Structures are given as structure tokens and as C-alpha cells.
Amino acid sequence: MVKTLARAVGVLFVVLGVAGLFADSLFGLLYFDGVRNSVHLIIGLAGILASGREENAVWFAKMAGIGFVLLGIVGLARPEWLWQANLTEAESVLHLIVGAVASYAGFTAQAIQTVRLGSRQ
């Protein structure tokens, strides 16, 4: 499951990064600029690469989950802390959703793997 999530998040962010090269916004909810496009592409490629191995996918899901949850919270509570990012509320909510799903997948995958390993002994 976590490998699929890493690949899906990776593809989503690559699509966002590429879309940002051709448009300034997506439905007036998500906005693009050079820095955001670069970040989306880097995260997307990292997710796709991490999806090849379970351990890498778990690590990606945990790190992306924590990062996106923090970004979403700060974007909603203290947007001025994000300097010139100018995130919309929709973007912050999207970050929270992606972060929550990724965190859940990353941290429960580790627990499931530990239980499976423990039951073999």
C-alpha cells in the first residue's frame, strides 16, 4: 500500500510541476511559479523513485507526511511565516490532506511490518 501511495503522490506532484510550466493557476485554487514548480517536481520524482522499494516508500511517506502536515498547519495558522509562498487556504488544506494520508500510510506500514516480522519468530 505504501509503495502505491508514494507512486501516486509522486505522479500527482510531477503533474502539478509540469502543469505549472503551462499555467499560472489551476481552477483559481492552486497557483504556480518557478519555485513551486521546482519543489513539486523534486517531491514528485522523490516519490516515484521511493516507490521502488518498500523501505524507501515508508521513509518517503513519513517525511512527506510530516512535512505536508506542518506546511498545512502553518499555512492556515500563520501564513506570514511562509515568507513569499502566498499559499491559499485551498493549498494549505490540500497539504493537510496529503500529509495526513502519507503519515498514516508511512507510520502504519511500519507497525504492520513489525507485527508480521514478530509473528514469524
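This structure is a prediction, so every number in the text was calculated from the model and none was measured.

Caption draft 1: Molecular detail of the nonpolar core. Ranked by size, the top nonpolar core spans 19 residues in total, and within it V2, L5, V9, F13 and F60 carry the most contacts. Residue assignment for this core shows that the elements contributing at least two residues are α1 (2-22), α3 (54-77) and α4 (89-119). Once residues within four sequence positions are removed from consideration, F13 is found in contact with H40, L41, I43, G44, F68 and V98.

Caption draft 2: A look at α3. Given a rise of 1.5 Å per residue, 24 residues ought to cover 34 Å, and the 34 Å separating the end C-alpha atoms of α3 matches this to within 8%. Those residues of α3 that sit buried are A57, V58, F60, A61, K62, A64, G65, F68, G72 and G75.

Caption draft 3: How the structure looks around the environment of A61. Relative to the elements of secondary structure, A61 occurs in helix α3. Exposure remark for A61: the relative accessible area of 1% places this residue in the buried category. In sequence terms A61 and V101 are 40 residues apart; their C-alpha atoms lie 8.6 Å from each other.

Caption draft 4: The arrangement of the packing of aromatic side chains in detail. Overall, the coordinates contain one aromatic pair when judged by the stated rule. For the pair F13 and F68, a centre-to-centre distance of 5.2 Å together with 25 degrees between the ring planes defines the contact as stacked. Here F13 is found in helix α1, whereas its partner F68 is found in helix α3, with 55 residues between them in sequence. Exposure class is identical for F13 and F68. Each is buried.

Caption draft 5: Fine view of the pattern of salt bridges. Counted according to the given criterion, the structure contains three salt bridges. Residue D33 is joined to R36 by a salt bridge in which the shortest nitrogen-to-oxygen separation is 3.9 Å. Among the residues examined, D33 registers a relative accessible area of 35% and is labelled partly exposed. Given the relative accessible area of 12%, R36 is considered buried. Residue E91 pairs with R36 through a salt bridge whose shortest N-O separation is 2.7 Å. Note that E91 is positioned in helix α4 and R36 in helix α2 (residues 34-50), a separation of 55 residues in sequence. Residues E91 and R36 agree in their burial class; the two are buried. One salt-bridge network, held together by shared partners, links D33, R36 and E91.

Caption draft 6: Representation of the environment of P79 within the structure. By the element assignment, P79 lies in the loop between α3 and α4. With 10 residues separating them along the chain, P79 and E89 place their C-alpha atoms 9.2 Å apart.

Criteria and cut-off values
Residue positions within a chain follow its written sequence, with the count starting from 1. Totals for whole chains, interfaces and linings use every residue, but because this is a predicted model, local features are given only for residues with pLDDT of at least 70 and side-chain atom pairs only at 80 or more, for both listing and counting. In computing side-chain properties, one takes all heavy atoms of the structure into account and sets aside hydrogens as well as water. We call a set of buried Ala, Val, Leu, Ile, Met, Phe, Trp, Tyr and Cys residues a nonpolar core when their side-chain atoms join them within 4.5 Å. When accessible area is computed with a 1.4 Å probe and restricted to protein chains, residues below 20% of their type maximum are described as buried, those above 50% as exposed, and intermediate ones as partly exposed. Secondary structure elements follow DSSP: runs of H or I no shorter than four residues count as helices, runs of E no shorter than two count as strands, and numbering proceeds from the N terminus. The contact criterion used throughout is that any non-hydrogen atoms of two residues lie within 4.5 Å. What a helix is expected to span follows from its residue count: subtract one and scale by 1.5 Å. Ring pairs shown here join Phe, Tyr and Trp side chains whose ring centres sit within 6.5 Å, with only the six-membered ring taken for Trp; geometry is labelled stacked below 30 degrees between planes, edge-to-face above 60, and tilted in between. A side-chain nitrogen of Lys or Arg and a carboxyl oxygen of Asp or Glu constitute a salt bridge if their distance falls within 4 Å.

No statement about biological role is implied by the geometric values presented.
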